[in-house]
Amino acid sequence: MKYTVLCKFALSGASRTEVIEELLRLFKIGEKSRGLLAGALDVREKVGATVVHSGIALPHCRSILVDKLTIVVGRSETGIPWPEEKVNTVILFVSPVKVNSPQEHNKFLGHIAGKIRKFGDSIAAAGSEADILALLGFQIEEQGE
Amino acid sequence: MDKQLEKLISLHDLDVMIADLNRKDIRKREADMGLHTEGALEELKELRETYCKSINRKWRGLYNQLTKHYGNAVVPALMGRCAGCLTRLPTAVCSDPERNFKIHTCPTCGRIIYWAD
């Protein structure tokens, strides 16, 4: 199964907070909701940074502010302090709060865990957007409308 | 958006985070990825206390009561309906552009409603 994601492959944010805000700007939600989501993700990071592999961070949470699993992949050439170690690849996702969403959330965590276990080094070192997405089993969401 | 409503939404998301970290399957999955959640749970609970103190007593009481009863106290309005019980919400409220600047509750289930911006 391929997950549909949004991407930003030239992140300009220099800190964890800035990068999370930058990636959340890709979400199709309003400014206020975005601010609340940034707050929730920040809380999650403060109680334990989500660096899941050298060079890869996985900020995530579940929230009533989204109605479907929303995934954004970001990449920084210079690296982002997260905050103790630098990461260059950020996979941010927010799952909705629905009856079966803990299972959906856990299933996606399982998908990511499997890919990182198998291809973690390759993902962190990948040279192109297409390579990262292929390694993660993602496809880009069409920006319609 | 009403400040108290913002706080109630944040409290709800925090409660979801705490509930997730209390789930064995999610905790195991996070631990498999090297994410340490033991201390996190305690910190989140402390943070919850702080959040609660910043919420007006009336809304905090309602939130706790609804959470106890339904499991979720805050829900979005979806196509003019309460996402918790699917009751159609009053048209006058739904069409009011300032609807998030006041806390509204579902006339049937009493859950706190917000409109996605």
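These numbers were taken from a predicted model, which means no experiment stands behind them. (Residues numbered from 1 in each chain as written. Chains lettered and ligands numbered in written order. Predicted model: local features only at pLDDT ≥ 70, side-chain atom pairs only at ≥ 80, totals over all residues.)

(A) The interface of chain B and chain A, seen in detail. Facing the 31 residues of chain B at the interface are 27 residues of chain A. When contributions to the side of chain B that touches chain A are tallied by element, the ones reaching two or more residues are α1 (3-22), α2 (24-32), α3 (38-53) and β1 (74-78) of chain B. Among the elements that take part in the side of chain B that touches chain A, α1 of chain B stands out by supplying nine residues, more than any other. In the side of chain B that touches chain A, the residues fall into 15 nonpolar, six polar and 10 charged. (Contact = placed C-beta atoms within 7 Å. Helix = DSSP H or I, 4+ residues; strand = E, 2+ residues; numbered from the N terminus. Nonpolar A, V, L, I, M, F, W, Y, C, P; charged D, E, K, R; others polar.)

(B) Representation of the nonpolar core within the structure. Leu23, Ile56 and Ile91 of chain A together with Ile9, Val74 and Ile113 of chain B are the most contacted members of the largest nonpolar core, which totals 65 residues. The dominant element in this core, judged by the number of residues it contributes, is α1 of chain B, at eight residues. Contact partners of Ile113 of chain B, with chain neighbours within four places excluded, come to Val75, Ala77, Cys82, Leu89, His104, Thr105 and Cys106 of chain B. (Core = buried A, V, L, I, M, F, W, Y, C linked by C-beta atoms within 7 Å. Buried ≥ 20, exposed ≤ 12 C-beta atoms within 10 Å, placed from the backbone.)

(C) Highlighting the environment of Arg29 of chain B. Residue and element names in this part refer to chain B. Within the fold, Arg29 resides in helix α2. With 19 C-beta atoms counted inside 10 Å, the residue Arg29 sits in the partly exposed group. Separated by 51 residues in sequence, Arg29 and Gly80 place their C-alpha atoms 37 Å apart.

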